[in-house]
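Structural characterization, general
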Amino acid sequence: QVQLVESGGGLVQAGDSLSLSCSASGSTFSSYAMGWFRQAPGKEREWVAAISKSGVVRYYRDSVKGRFTISRDNAKNTASLRMTNLKSEDTAVYYCAASSGGTYANGENFDYWGQGTQVTVSS
């Protein structure tokens, strides 16, 4: 129903910044809340951030508050994750996801997923 493709991952040093992008197609983008998740090797996938359909309301897990910013541009069908002051603990594959309904402020009810993009932070 909606296809998601992440881009922007790479190798950075601790303290650096990096922006990830998610391009959506196939459905009305503004009908979905959007989120970012990450998964490190051997770890469970964890929710990172979410943004409402309009882009007005944003939520973050505690470990990234003040460092990461989720945003969206409904006119361009994109969602972004701006990461600053990156730490080695942020190293993971990052996924964008879309939620068509239900609560999502803590990573619940995301229905569609991108393929992921690798972020590696060296210390």
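Below or above, wherever it landed, is the structure these notes cover. Please read these numbers as outputs of a predicted model, since none were measured by experiment. (Residues numbered from 1 in each chain as written. Predicted model: local features only at pLDDT ≥ 70, side-chain atom pairs only at ≥ 80, totals over all residues. Heavy atoms only, no water.)

When its secondary structure is counted, the chain shows 0 helices and 11 strands. In terms of principal-axis extent, the alpha carbons of the chain reach across some 40 × 25 × 25 Å. Long-range pairs, those at least 24 residues apart, make up 56% of the contacts in the chain between residues at least 6 apart in sequence. Per element, the accessible surface of the chain, about 6000 Å² overall, is 45% carbon and sulfur. For the chain, the centre of its 12 positive side-chain charges and the centre of its 10 negative side-chain charges are spaced 4 Å apart. (Helix = DSSP H or I, 4+ residues; strand = E, 2+ residues; numbered from the N terminus. Contact = heavy atoms within 4.5 Å. Areas by Shrake-Rupley, 256 points an atom, 1.4 Å probe, with all protein chains shown as cover. Lys, Arg positive; Asp, Glu negative; His and termini not counted. Charge placed at Lys NZ, Arg CZ, Asp CG, Glu CD.)

So, on to the environment of Val121. Checked against the element boundaries, Val121 lands in strand β11 (residues 117-122). Spatially, the C-alpha atoms of Val121 and Arg61 are 19 Å apart, while their sequence positions differ by 60 residues. Apart from the residues lying within four places of it in its own chain, the contact partners of Val121 are Val12, Gln13, Ala14, Leu86, Lys87, Ser88, Asp90 and Thr91.

Time to look at the nonpolar core. Counting 28 residues, the largest nonpolar core has Met34, Trp36, Leu81, Met83 and Tyr94 as its most contacted members. Breaking this core down by element, the ones donating at least two residues are β3 (18-25), β4 (33-39), β5 (46-51), β7 (68-73), β8 (78-83), β9 (92-99) and β11. Grouped together as the second largest cluster of nonpolar side chains are 7 residues, Ala50, Ala97, Tyr104 and Phe110 included. (Core = buried A, V, L, I, M, F, W, Y, C linked by side-chain atoms within 4.5 Å. Buried < 20%, exposed > 50% of the residue type's maximum accessible area, 1.4 Å probe, protein only.)

This paragraph deals with the pattern of salt bridges. Going through the model one piece at a time under the given rule, you end up with 5 salt bridges. Between Arg38 and Asp90 there is a salt bridge whose closest N-O contact spans 2.9 Å. Linking Arg38 in strand β4 with Asp90 in the loop between β8 and β9, this pair joins segments that are 52 residues apart in sequence. According to the relative accessible area criterion, Asp90 is buried, its value standing at 1%. The salt bridge partner of Glu46 is Arg61, with a shortest N-O separation of 3.6 Å. Of this pair, Glu46 sits in strand β5 while Arg61 sits in the loop between β6 (58-60) and β7; the two residues are 15 residues apart in sequence, bridging distant segments of the chain. Given the relative accessible area of 27%, Glu46 is considered partly exposed. Take Arg61: its relative accessible area is 26%, and that puts it in the partly exposed class. Beyond isolated ion pairs, a larger network of salt bridges with shared partners links Arg38, Glu46, Arg61, Arg67 and Asp90. (Salt bridge = Lys/Arg side-chain N within 4 Å of Asp/Glu carboxyl O.)

So, about the pairing of β7. Side chains Phe68, Ile70 and Arg72 project from β7 onto a buried face, and the interleaved Thr69, Ser71 and Asp73 project onto a face without burial. Where β7 and β8 come together, 6 bridges link them in antiparallel fashion. Within β8, the position partnered with Phe68 by the bridge is Met83. The antiparallel hairpin formed by β7 and β8 contains 4 residues in its connecting segment, where Asn77 sits at a positive phi of about 55°. (Pairing = 2+ DSSP bridges.)

Let's shift gears to the sheet that holds β3. Read across the sheet, 4 strands follow the order β1-β3-β8-β7 without closing on themselves; strand pairing throughout is antiparallel. Two strands close off the open sheet at either side, each with one partner strand: β1 (3-7) and β7. Shown here is a sheet whose adjacent strand axes are inclined to one another by a mean of 15°, direction ignored. (Axes fitted to C-alpha atoms, helices over the stretch in contact; angles between N-to-C directions.)

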